[in-house]
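Architecture at a glance
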Amino acid sequence: MHEFTNILLNEIKLKSLETSEEIAGVIFKFKELNFFQMDNISHSKEGEFEIDPKVILLKDKIHCIFHSHPISDAAPSCRDRNIFKNHKIPLLIYSCIYDNFVFFDGEECKPIKV
Ligand SMILES: [Zn+2]
């Protein structure tokens, strides 16, 4: 249950590759996992992201928070790790240059190849 499907990951990957800016979104766990792109409210859209605090209110339905790394690898940055620390929500990160995902649950970074 609540596994990433290739269809979902490919959808996220294509959206990430459409732009040179960092994109962000939330993967909700309803019956299946669903991706909703969110505005990146950070002022510097190339190197970082912030998620709208309102989204956190839906925490129980959130599987993970997604953002892309347009020009770096998919490893979570210090800021990313802080997002996990603050909200206890796992992160999914896609690297546009290395074409891979990392799922970070606070302990482990699990690579996901599509
Ligand atoms: Zn990041």
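Check the entry above for the structure.
Residues numbered from 1 in each chain as written. Predicted model: local features only at pLDDT ≥ 70, side-chain atom pairs only at ≥ 80, totals over all residues.

Time to look at the sheet that holds strand β3 (residues 62–69). Taken in spatial order, the 6 strands line up as β2-β1-β3-β4-β5-β6 in an open sheet, and their pairing is mixed. In the strand order of this sheet, the two ends are held by β2 (33–38) and β6 (109–112), each with one partner. Averaged over all adjacent pairs, the angle separating strand axes in this sheet is 25 degrees, with direction ignored. Two elements, strand β5 (residues 100–104) and β6, share 4 bridges in a ladder whose sense is antiparallel. Along β6, the bridge assignment pairs F101 with I112. (Pairing = 2+ DSSP bridges. Helix = DSSP H or I, 4+ residues; strand = E, 2+ residues; numbered from the N terminus. Axes fitted to C-alpha atoms, helices over the stretch in contact; angles between N-to-C directions.)

Let's shift gears to unusual backbone geometry. Positive phi is not limited to glycine here, since K88 has a value of about 55 degrees. For K88, the position within the fold is in the loop between α2 (78–87) and β4 (91–95). A count of 10 C-beta atoms within 10 Å places K88 in the exposed class. (Buried ≥ 20, exposed ≤ 12 C-beta atoms within 10 Å, placed from the backbone.)

Another aspect to go through is the environment of Y98. Locating Y98 in the fold gives a position in the loop between β4 and β5. The spacing of Y98 and D52 is 46 residues in sequence and 27 Å in space, taken between C-alpha atoms. Among all residues touching Y98, those that are not within four sequence positions of it are D73 and A74. (Contact = placed C-beta atoms within 7 Å.)

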